[in-house]
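# Architecture and fold: a report
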Amino acid sequence: MYDPKPGDRLDSLDTPSMIVDLDIMEENIHKLMLLLKPLAVNIRPHLKTTKSPILAKKLIAAGAKGACVAKLSEAEVMAAEGIEDLLITCEIIGPAKVARLIELFRKHPGVQIVVDSDIGATAIDTALGESGIQEPIQVLIDLDVGLHRTGVAPGLALALAQHISTLGHLKLRGIQGYEGHLQHVHGREEREKECRAAMAILTGTATLLREKGFNIQVVTTGGTGTAEFCATTPGVTEVQPGSFIFMDSDYRNAVGSYFSHSLTILSTVISKSTSERRVTIDAGLKTLSTDSGFAEPKDMPDVTYTPMGDEHGWLEWKENKPDIPIGARVEMIPSHIDPTVNLHDFYYAHRKGVIEEIWPVATRGRVQ
Ligand code: PLP
Ligand code: MN
């Protein structure tokens, strides 16, 4: 049976395979800590990118305080692996999910949640009341700072806080306002300007809630494109970057190369196709996400990639014929890291071409 092991060389891996250059990944983690550690914020990386408790532990060992997950089902996996300080950043709605939350919270009381509606908050409070669990769950108000995805409108945050204060099983601890629409704003100055405006909404709302007597200890926000601006905004206590650890071409085009591409998809040229200026590789839509444009072949500036259906892709060039005969191996840089990782079962983490570790994508498919 095909069974890659630590110590094997990358040359022996079958393709397509998701590979991580450990030197570059460790440098990305180091650079994030260098950037944010001196500032007065906690770093709570978002595990929606890596979907891996092993990587979560590496981030915590490097200085992160806990982690974020997007979904409850991801929290179940991470908590079972010993990551107790977890924030679930998506709203928990519906009886099935609320019941799962109660079971998770019973075993792992460190889990924190966000709410953006009276209905959502009340349902969780009622279920906790019926569960017999005494301890209240820590709750953050999710605030819409301009992304318009989730989050209560700023003008309605006080009313939601007042509602939560009537619920005995919920303890309001803070506020989350994620400015996802600003992560990929091109140009540092423009991104900073728009981010500071979003942060003014977030910290202004936190101040208002405090003035009204609410104990807002946590103000959490930020991604790879904005974390440094959020972290230098007085009143922000925590940032949630995720993609920095691997990066992708969409992020690099927007924010530059402070963080480098540490993850690529190793693929193989399997056919010469019909043209002199084209070969076909074994990586298509099931291997590389396309929502943010197409992937790029690494170190081949004159070569472009176009997916050719589920299983295949073209590499094409106009001039400067690359040295990629049938059987050649090509590393592809994903355009959007999170959905690409979610297409693969394992990371093959290597140093200078020798596999050191193999990590399962443990929360792959955990979309609930
Ligand atoms: N926080 C929240 C709530 C998010 O949804 C995301 C990403 O979508 C992040 C943080 C991390 O952002 P990034 O991967 O861009 O660093
Ligand atoms: Mn993403």
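Residues numbered from 1 in each chain as written. Chains lettered and ligands numbered in written order. Predicted model: local features only at pLDDT ≥ 70, side-chain atom pairs only at ≥ 80, totals over all residues. Heavy atoms only, no water.

You'll find the protein chain entered in an unreviewed UniProt entry as D-threonine aldolase, with Lachnellula arida given as the organism. Under Sequence similarities (unreviewed entry), UniProt gives the following word-for-word description of the protein chain: "Belongs to the DSD1 family." (UniProt positions renumbered as here; feature names shortened; annotations may be inferred.)

## A word on the overall build of the protein chain
Assigned secondary structure in the protein chain consists of 10 helices and 17 strands. Radius of gyration (C-alpha) of the protein chain: 22 Å, near the 21 Å computed for a compact globule of 368 residues. Looking at the protein chain as a whole, 51% of its 368 residues qualify as buried. Of the contacts formed within the protein chain by residues at least 6 apart in sequence, a portion of 69% connects residues at least 24 apart. Total accessible area on the protein chain is roughly 15,600 Å²; 54% of this is exposed by carbon and sulfur atoms. Taken together, the 37 basic and 48 acidic charged side chains of the protein chain have centroids lying 2 Å from each other. (Helix = DSSP H or I, 4+ residues; strand = E, 2+ residues; numbered from the N terminus. Rg over C-alpha atoms; globule rule 2.2 N^0.38 Å. Buried < 20%, exposed > 50% of the residue type's maximum accessible area, 1.4 Å probe, protein only. Contact = heavy atoms within 4.5 Å. Areas by Shrake-Rupley, 256 points an atom, 1.4 Å probe, with all protein chains shown as cover. Lys, Arg positive; Asp, Glu negative; His and termini not counted. Charge placed at Lys NZ, Arg CZ, Asp CG, Glu CD.)

## Focus on the pairing of strand β13 (residues 303-307)
The two faces of β13 differ: Val303, Tyr305 and Pro307 on one face are buried, but Thr304 and Thr306 on the other face are not. As consecutive antiparallel partners, β13 and strand β14 (residues 313-317) are separated by five residues, and within that stretch Gly309 has a phi angle of approximately 95°, a positive value. (Pairing = 2+ DSSP bridges.)

## Describing the site of ligand 1
Taken together, 14 residues form the shell around ligand 1, and within it Thr224, Gln240, Gly242, Ser243 and Tyr251 come nearest. In the model, an oxygen atom of ligand 1 is placed 3.0 Å from a nitrogen or oxygen of the Arg149 side chain. Within the side chain of Tyr251, a nitrogen or oxygen atom sits 2.5 Å from an oxygen atom of ligand 1. Contact with the protein chains covers 93% of the free accessible surface of ligand 1, which is 390 Å². A per-class count over the shell around ligand 1 returns three nonpolar, nine polar and two charged. (Near = heavy atom within 4 Å. Polar contact = N/O pair within 3.5 Å; in protein donor to acceptor, adjacent residues only side chain to side chain. Nonpolar A, V, L, I, M, F, W, Y, C, P; charged D, E, K, R; others polar.)

## Here we look at the nonpolar core
In terms of nonpolar packing, the biggest core is built from 99 residues, with Ile124, Phe246 and Tyr347 touching the most fellow members. Residues Leu10, Leu13, Leu266 and Tyr348 belong to the second largest nonpolar core, which totals six residues. (Core = buried A, V, L, I, M, F, W, Y, C linked by side-chain atoms within 4.5 Å.)

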